[in-house]
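# Structural overview for review
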Amino acid sequence: MDSQSYKPVPPGIGMEENMFSLDDILLEKSSETRDIPEGTKMEMPLWLAKGLYERKRRVLSMELPKVYREGWRTVFGADPIVVDLHKMGPYYYGLGSQMLHFDSPENPEIANTILQTFICRFRRTMDSSQNAYNEDTSALVERLDCLERSLFKAGQSGLNSFQLWEKGRSSHLTASSLVINYRKRKITDLQA
Amino acid sequence: ISFCLHNMNEAKTEGKSELIPSIKFRHSCLLRNQRCIAAYLYDRLLRIRALRWEYGSVLPTTIRFHMCAEEMEWFNQYKKSLATYMRSIGGEEGLDITQDMKPPKSLYIQVRCLKDHGEFEIDDGTVILLKKNSQHFLPRWKCEQLIRQGVLEHVIS
């Protein structure tokens, strides 16, 4: 069971970020291509692009990743459930929300697609997390992006706790998962 | 941030506004590094705090070895705050909220020893030898911490 005492900083909501969120930091590592007035196209991490971007000054413009462009948006409109968001992301929702900072004229469509995609897929994610008990879930989470995976994990955690309670085992004392993990690492340290 | 603005103003007044993207670039890099370091250190603190609840108020040497002096200091202060708070609730003796984190069903429980832990004294003065694989019937509240630490295992029939 997960350690309940350690709760990492969650990612920010929508276009906001959480300064200390490791998820938000990692998604900003993704590179994008952009055009500088001189015509140079280059890849740059998102955090740098955000730092340099200025609406008035036109220092740089940003080329939307394929996944958020019209072609893919139509695919998402048709059937978002089948898309492998992990391959397309893995931070589809997080990165998409950050893209909105660059004042693209397509922003309303992008935002709407991301939102509708989430709404469609959420039901499936929630249902499967509540029905997969004590089994290999790798096939279920394979095509989920990071946000969906953490939701799935939360659902599983709730399900497992409930099952333990139903079996009358909520009073069963267990070793702390943190402690077990640190013990395992100690052994690998010694072996290294 | 003020240093960055100062540089940008200087660049503007000296007619070198083409430097501004460079200033912003450097500033973005500094902020990025600062953010990564801060998030890393903060995550460490979250884990250290969790150890107080999951392990106890005395950390094992292997973990202390990996903590810097400031983190140790932080842990000690956190311990103190928690202890002060626990003393202030639940009447005269205070209330240890790090215990009974799972609803207790009985006063005594069956435990098996997972590793040699030496002698262990219970309230009526008897001393028990916690030898690997030995089983004992002990007061729940005395065992809770040792179970969390992986020394004992709660055996249920």
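Conventions and cut-offs
- Residues numbered from 1 in each chain as written.
- Chains lettered and ligands numbered in written order.
- Predicted model: local features only at pLDDT ≥ 70, side-chain atom pairs only at ≥ 80, totals over all residues.
- Heavy atoms only, no water.
- Contact = heavy atoms within 4.5 Å.
- Buried area = accessible area lost by both parts, 1.4 Å probe.
- Helix = DSSP H or I, 4+ residues; strand = E, 2+ residues; numbered from the N terminus.
- Nonpolar A, V, L, I, M, F, W, Y, C, P; charged D, E, K, R; others polar.
- Core = buried A, V, L, I, M, F, W, Y, C linked by side-chain atoms within 4.5 Å.
- Buried < 20%, exposed > 50% of the residue type's maximum accessible area, 1.4 Å probe, protein only.
- UniProt positions renumbered as here; feature names shortened; annotations may be inferred.
- Pairing = 2+ DSSP bridges.
- Axes fitted to C-alpha atoms, helices over the stretch in contact; angles between N-to-C directions.
- Polar contact = N/O pair within 3.5 Å; in protein donor to acceptor, adjacent residues only side chain to side chain.
- Disulfide = S-S within 2.5 Å.
- Domains from an automatic or database assignment.

Taken together, the 37 residues of chain B in the interface contact 39 residues of chain A. Between chain B and chain A, roughly 3,400 Å² of surface is buried when both sides are summed, and carbon and sulfur atoms account for 62% of that area. Elements with a minimum of two residues in the side of chain B that touches chain A: helix H2 (20-54), helix H3 (61-65) and helix H5 (140-148) of chain B. Here the element with the most residues in the side of chain B that touches chain A is H2 of chain B; it accounts for 19 residues. Class assignment for the residues of the side of chain B that touches chain A results in 18 nonpolar, six polar and 13 charged.

Another aspect to go through is the nonpolar core. Core analysis: the biggest nonpolar cluster contains 26 residues, and Tyr68, Tyr92 and Met99 of chain A have the highest contact counts within it. When residues of this core are traced back to their parent elements, those giving at least two are helix H2 (46-52), helix H5 (92-99) and helix H6 (107-131) of chain A. Considering every element that reaches this core, the biggest residue donor is H2 of chain A, with five residues. Not counting the four nearest positions on each side in its chain, Tyr92 of chain A is found in contact with Val67, Tyr68, Phe76, Leu85, Thr113, Ile114, Thr117 and Asp145 of chain A. By size, the runner-up hydrophobic cluster in this structure holds 14 residues, among which are Ile109, Val111, Phe120 and Leu152 of chain B.

Moving on to the UniProt feature "domain: GINS subunit" (unreviewed entry) in chain B. Mapped onto this structure's residue numbering, the UniProt feature "domain: GINS subunit" (unreviewed entry) falls at residues 14-89 of chain B. Summarising residues 14-89 of chain B: 79% helix, 0% strand, and an end-to-end C-alpha distance of 64 Å.

This brings us to the pairing of strand S2 (residues 118-121) of chain B. Residues and elements named next belong to chain B. Sheet analysis places S2 next to strand S3 (residues 127-130), joined by four bridges and oriented antiparallel. Across the sheet, residue Phe120 finds its bridge partner in S3, namely Ile128. Hairpin connection of S2 to S3: five residues between the antiparallel strands, including Gly125 at a positive phi of 100°.

Attention now goes to the sheet that holds strand S1 (residues 108-113) of chain B. Residues and elements named next belong to chain B. Taken together, the three strands give an open sheet; going across it, the order is S4-S1-S5, and neighbouring strands pair in antiparallel fashion. With partners counted over all chains shown, the strands left at the sheet margins are strand S4 (135-139) and strand S5 (152-155), one partner each. Pairs of neighbouring strands in the sheet enclose a mean axial angle of 45°, with direction left out of account. Pairing geometry for S1 and S4, over five bridges, is antiparallel. When the bridges of S4 are listed, Gln110 appears paired with Phe137.

Let's shift gears to the environment of Arg47 of chain B. Inspection of the secondary structure assignment puts Arg47 of chain B in helix H2. When near neighbours in sequence (up to four residues on either side) are disregarded, Arg47 of chain B contacts Tyr6, Leu178 and Tyr182 of chain A. A distance of 2.9 Å separates polar atoms of two side chains, one belonging to Arg47 of chain B and the other to Tyr6 of chain A.

Residue and element names in this part refer to chain B. Inspection of the entire model under this criterion finds zero disulfides over all chains. The structure places no disulfide on Cys113, whose sulfur is separated from the nearest cysteine sulfur, that of Cys143, by 10 Å. On the basis of relative accessibility, which here comes to 0%, the residue Cys143 falls in the buried class.

Relative to the helices and strands, Lys24 of chain B resides in helix H2. When the C-alpha atoms of Lys24 of chain B and Gly90 of chain B are compared, they prove to be 55 Å apart, with 66 residues separating the residues in sequence. Contact partners of Lys24 of chain B, with chain neighbours within four places excluded, come to Gly51, Leu52, Tyr53 and Glu54 of chain A together with Met8 of chain B.

Glancing now at the UniProt feature "domain: GINS subunit" (unreviewed entry) in chain A. UniProt feature "domain: GINS subunit" (unreviewed entry): in the numbering of this structure it lies at residues 75-165 of chain A. Helix makes up 71% of residues 75-165 of chain A and strand 0%. Its end C-alpha atoms lie 43 Å apart.

Once that is clear, we can look at the domain arrangement of chain B. Along its sequence, chain B is organised into domain 1 (1-88) and domain 2 (108-154). Placing a centre on the C-alpha atoms of domain 1 of chain B and another on those of domain 2 of chain B gives a separation of 40 Å.

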